[in-house]
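Chains, contacts and geometry: an overview
The chain contents come next:
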Amino acid sequence: MKAHFTQNRSILLAMILALTFAARVAQAGDAVTFNNQVAPIIYQNCSSCHRPGEAAPFSLLSYEDVRRKGKTIGKATVSHSMPPWKAEPASYAYRDERRLTDQQIAEIQSWVAGGMAEGDSSQKPAPPKFASGWQLGEPDLVIEMPAGFHVPADGPDIYRNIPVQLGLTEDKWVTAIDMKPSARAVVHHVLYFADGSGHAHERPSQGAEPGYSGMRAGRQVIPLGGWAVGAQPHFYPDGLALKVPAGSDFIVQYHFHPTGKPEVEKSKIGFYFAKKAPERNITRIQLPPHYSLFSGLDIPAGEKDFVLRDSYTLPVAVDGVGVSAHAHYLATQMKMTATLPDGQVKTLLLIKDWDFAWQDRYYFKDFVPLPKGTMLSAEIHWDNSADNPHNPSNPPIHVQWGEESKDEMGSISLIAVPHVESDLGTLNSELATRGRKLARDKMAANPELAKKVMRLLAD
Ligand code: HEC
């Protein structure tokens, strides 16, 4: 209960602060109106998602839209649940941070409390125009999945790889990939891969549905990131990009989560390409590796605060580009720090109220220089008690690492480039060796775990 009590108390505190602020705003002059103060806040911070075809359940594109939802908007903004942005301010600023200022929050409070006036129509700002249905603008290449996948109303989660030909006649460098699922509710997350052999699309479909099952997309595929519920598309910063060789097939590995209603999913995928090859290549330092499969993720029913920690000392200097975290419903807190060689401890990511629905990537405004010898530390907390309102099992059950949403996994990744490109090989091979050693040791000590992994690989 304690975590939620603290959370409620801080919401209450925020409300009191906002109201005092609102009182001052109101005293200082004219009443807050939609046209004057509120519309610019909403149009800049909310409408990109709150419009037809995007993730949010209703539009916020006009006075009427906003007034109708005014009370809920007041609550959602003062509690910081909207706009969604889970990362607390860290030691380094993030890019495209979606946070309202205290003044903006207070203005919304004051507008709602004051009766939600529209204001002077001569000051009415134009609603934002979105050039295309895509958040990042028109993609350089759009593909549609070859056939719809039928997700049944219920049953276990489904992992499915669906390959598609890209038709690239030359190597390309991807700066962003965005996806438009046709049935957003059943798509829990996807991973993207390039298959440089170009043969993936020839693989026969298993059964009546497109694609083939299993967690492994194929042997020699290149990971290209992914998309999770609530994630926003982002461009890689500063000319960084991932290579997709000419002739590649593209494979989307879907994780479907049945919702109680049958759905047909046929996504559109948009690719954004760089003009030229990047000078440095991105890598990902994941702590613990393998989303904690080999790190003792084993949470008794009722356990209120289960913690995993992992740390890794950088063998070469890198520049931190961003951070991302992944876990399922039971996680509560995520933290990644960097202890610099001079002993200073910097926070790279802190999420105090993990929400499965909002798994974003947080890119730093500027590259974060992390010298050789810097120790990265990750700490993840889970709450498997009945007090956790997100617990999918009631009463709580014993939870271990697993791919289903009711299982758990967890890790935090630093997205980085080596400070000097020639160090990339050293870093990647050290990371791979570390991951393999951890897996080997844990499986040798735990035959049950070894069997589970064999089953997963055979799948
Ligand atoms: C990144 C996309 C995104 C942005 C930006 C965003 N929203 Fe939302 N919003 C959503 C989604 C998705 C939902 C549905 C969430 C759910 O069902 O849990 C939602 C739900 C809501 C709700 C209903 C939730 C509730 O608490 O009842 C309100 C109110 C809301 N948003 C207001 C806002 C406001 C105001 C802003 C800007 C200050 C904003 N949103 C910005 C995606 C967004």
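An unreviewed UniProt entry lists the protein chain under the name Cytochrome c domain-containing protein, with Pedosphaera parvula given as the organism.

On to unusual backbone geometry. Pro 288 follows Leu 287 through a cis peptide bond whose omega is -20°. The linkage connecting Asn 394 with the following residue, Pro 395, adopts the cis geometry, with an omega of 0°. Inspection of the secondary structure puts Pro 395 in the loop between strand E19 (375-382) and strand E20 (399-400). A positive phi is found at His 290, a non-glycine position, where the angle reads about 55°. In this structure, His 290 sits in the loop between strand E12 (283-287) and strand E13 (298-299). Its identity is not glycine, yet Tyr 291 carries a phi of approximately 50°, on the positive side. Positionally, Tyr 291 belongs in the loop between E12 and E13.

A few words now on helix H2 (residues 34-45). Of the residues making up H2, those classed as buried are Phe 34, Asn 35, Val 38, Ala 39, Ile 41, Ile 42 and Tyr 43. Buried residues in H2 make contact with helix H3 (63-68), helix H4 (70-78) and helix H5 (102-113). Among the residues of H2, the N-terminal cap falls to Thr 33, whose side-chain oxygen and the backbone nitrogen of Asn 36 are separated by 3.0 Å.

Evaluation of the coordinates by the stated rule reveals 17 salt bridges. Ionic pairing is found between Glu 118 and Lys 124, a salt bridge with its closest N-O pair at 3.1 Å. Each member of the salt-bridge network shares a partner with another, and the members are Lys 304, Asp 383 and Asp 387.

Only His 50 (NE2) and Met 82 (SD) from the protein reach the iron atom of the ligand as donors, at distances of 2.0 to 2.3 Å. Considering all six donor atoms around the iron atom of the ligand, angles at the metal cover 86 to 180° and the coordination shape is octahedral. You can see His 50 sitting in the loop between H2 and H3 and its partner Met 82 sitting in the loop between H4 and H5, a full 32 residues away along the chain. A relative accessible area of 29% means that Met 82 is categorised as partly exposed.

Under the domain assignment, the protein chain is made up of domain 1 (2-123), domain 2 (141-273) and domain 3 (283-458). Each side of the interface is counted separately: domain 1 has seven residues, and domain 2 has seven residues. Taking both partners together, domain 1 and domain 2 bury about 510 Å²; carbon and sulfur atoms supply 37% of that area. Here domain 1 and domain 2 share zero salt bridges between them. The class makeup of the residues in the side of domain 1 that touches domain 2 is two nonpolar, one polar and four charged.

Conventions we followed
- Residues numbered from 1 in each chain as written.
- Predicted model: local features only at pLDDT ≥ 70, side-chain atom pairs only at ≥ 80, totals over all residues.
- Heavy atoms only, no water.
- Helix = DSSP H or I, 4+ residues; strand = E, 2+ residues; numbered from the N terminus.
- Buried < 20%, exposed > 50% of the residue type's maximum accessible area, 1.4 Å probe, protein only.
- Contact = heavy atoms within 4.5 Å.
- Polar contact = N/O pair within 3.5 Å; in protein donor to acceptor, adjacent residues only side chain to side chain.
- Salt bridge = Lys/Arg side-chain N within 4 Å of Asp/Glu carboxyl O.
- Donors = N, O, S within 2.8 Å, 3.2 Å for Na, K, Ca; no water.
- Tetrahedral: all angles 85-135°; square planar, octahedral: opposite > 155°, others 65-115°.
- Domains from an automatic or database assignment.
- Buried area = accessible area lost by both parts, 1.4 Å probe.
- Nonpolar A, V, L, I, M, F, W, Y, C, P; charged D, E, K, R; others polar.

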